[in-house]
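Analysis of the macromolecular model
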Amino acid sequence: MRDQYGREVDYLRLSVTDRCGFRCRYCVSGSGASFLPEGDLLTDGELERVVRAAASLGVTRLKLTGGEPLARPGLAALAARLGAVPGIRSLTLTTNGAALAPVARDLRAAGVREVNISLDTLDRARFRALTGVDALERVLAGLDAAVEAGFDRVKVNCVTGEDLDQGDPAALAELARARAVDVRYIESMPIGCGRTFRPVTRAALARRLAERYGPLIPAGERGNGPAEYYRIHGFAGRIGFISAVSEPFCTGCNRVRLTPDGQLKPCLQYRPTLDVRALLRGRAADGELCAALREAIWQKPRAHCFAQPAAGERLEDRPMSAIGG
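What this report covers is the structure whose coordinates are included nearby. (Residues numbered from 1 in each chain as written. Predicted model: local features only at pLDDT ≥ 70, side-chain atom pairs only at ≥ 80, totals over all residues. Heavy atoms only, no water.)

Brief notes about the pairing of strand β2 (residues 61–65)
Taken across its five residues, β2 has four buried, putting it largely inside the fold. The pairing of strand β1 (residues 11–15) with β2 spans five bridges and is classified as parallel. Residue pairing in the sheet places L12 in a bridge with L62 of β2. Traced from β2 through helix α2 (residues 75–83) to strand β3 (residues 90–95), the parallel crossover comes out right-handed. (Buried < 20%, exposed > 50% of the residue type's maximum accessible area, 1.4 Å probe, protein only. Helix = DSSP H or I, 4+ residues; strand = E, 2+ residues; numbered from the N terminus. Pairing = 2+ DSSP bridges. Right-handed = clockwise from strand over helix to strand, strands pointing away.)

Some details on helix α7 (residues 202–213)
Between its first and last C-alpha, α7 extends 16 Å over twelve residues, near the 16 Å set by a 1.5 Å rise per residue. Next to the buried residues of α7 lie β5 (153–160), α6 (175–178), β6 (182–187), β8 (228–231) and β9 (239–242). (Expected span 1.5 Å × (residues − 1). Contact = heavy atoms within 4.5 Å.)

Some details on the pattern of salt bridges
Per the counting criterion, the structure on display carries 22 salt bridges. Its salt-bridge partner being R202, residue E228 comes within 2.7 Å of it at the nearest N-O pair. On the criterion of sequence distance, the pair formed by E228 in strand β8 and R202 in helix α7 is long-range, its members being 26 residues apart. The class for E228 is partly exposed, based on a relative accessible area of 29%. Residue class for R202 comes out buried when judged on its relative accessible area of 15%. Each of D18, R19 and E38 takes part in a single network of salt bridges with overlapping partners. (Salt bridge = Lys/Arg side-chain N within 4 Å of Asp/Glu carboxyl O.)

A short note on the state of the cysteines
Under the defined criterion, the tally for this structure stands at zero disulfides. For the unlinked cysteine C158, the closest cysteine sulfur is that of C24, found at 11 Å. Judged by its relative accessible area of 0%, C158 falls in the buried class. No disulfide involves C250; its sulfur sits 6.3 Å from the nearest other cysteine sulfur, which is in C267. (Disulfide = S-S within 2.5 Å.)

This is how it looks when you write it as C-alpha cells:
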C-alpha cells in the first residue's frame with residue numbers, strides 16, 4: 001500500500017491502551033493524568049478487524065504499544081490472535097518492562113518476535129525522578145527475562161533530552177556489552193509535554209560513546225523502523241540511533257499509528273485523520289473500512305515539521321501516552 005508520495009506503508013503501530021503505572025516526564029503531563037473510559041478503547045474483536053483490514057491492504061508488520069500494553073488484561077491472547085491474521089509476518093511489542101518478567105515466555109509463545117523496553121537511566125534515584133515509580137529492578141528483571149525467553153531481538157529504548165536528569169545516558173550502553181540486546185538512543189520529540197525538552201543529537205551521543213567504549217562500526221543492518229545500528233568491539237549487542245528531529249527520515253517513513261481510542265495517525269506530529277472506531281461501531285462494511293484506511297494512508301503528510309511548525313497546521317497536542325508510543 002503506497003501513499004501519494006510513493007512510500008510503501010506496511011507497518012502499523014497499534015496502541016492497545018493508554019493506561020500505564022509510570023509517569024515519564026516526556027510522555028505524561030503531570031501526575032493527575034486521566035485515562036480513557038474502558039468503553040472508549042477498542043475491543044479485542046475490533047482490533048482484530050482493523051488488523052485484518054490493514055493486512056489486506058499490505059500491512060505486514062504490527063507493533064503493540066500503549067500506554068503500557070501489559071496493563072491490558074489478556075495481552076498474550078490478544079497478541080496470538082492478531083499475529084495469526086493472514087499477511088502479518090512480524091509482531092513486536094514496546095513495554096516499560098516492569099511487568100514483563102512473569103509473562104515474557106507467554107508472549108514469546110504467542111508469537112511476539114521482538115520486545116522493546118523503555119529505559120532511560122540505570123541510576124535508581126534518577127529512574128524514580130523520571131518515571132515517578134521505584135521500579136528499576138523490576139525493569140532490569142524484565143529485560144533479563146526477555147533475553148532468556150528467546151525473542152529474536154530485545155531492544156532498550158532510551159529517550160534523550162538535555163533537560164532530562166538522566167545522568168550519563170551513555171552508561172546505558174553497558175547493557176549491550178554482556179547481553180545480546182540493542183541499546184537505542186531516541187531523540188526526544190516535541191510532542192505533548194515533550195516540547196519542553198531539547199533532544200541530545202546523535203553526533204553528541206556518538207562522541208561520548210566512542211570516547212568511553214571505542215569506535216562505533218556501522219552494522220549495515222536495519223530493523224522494522226528508522227534506527228541505524230552500530231557495533232562496538234567486545235559488545236554482545238548493538239547501539240542504535242533514532243534521530244527524528246536532527247536527521248529526519250520522513251522520505252522513507254513506512255508507518256501509521258492507531259491510538260487507543262481508534263484514531264488513525266498517518267504522521268506522529270499531526271492530529272488523527274480517520275475515526276476508525278466510529279466506522280467500526282457504525283457497522284461499516286469491510287470494503288468501506290478498507291477504503292477509508294486506504295484513503296487516509298494515501299493522504300499521509302510528506303514530512304513532519306518539528307524544526308519549524310507551520311502556521312495553521314492541525315498539530316498534535318496530546319501527550320504521547322494518549323497517542324501510542
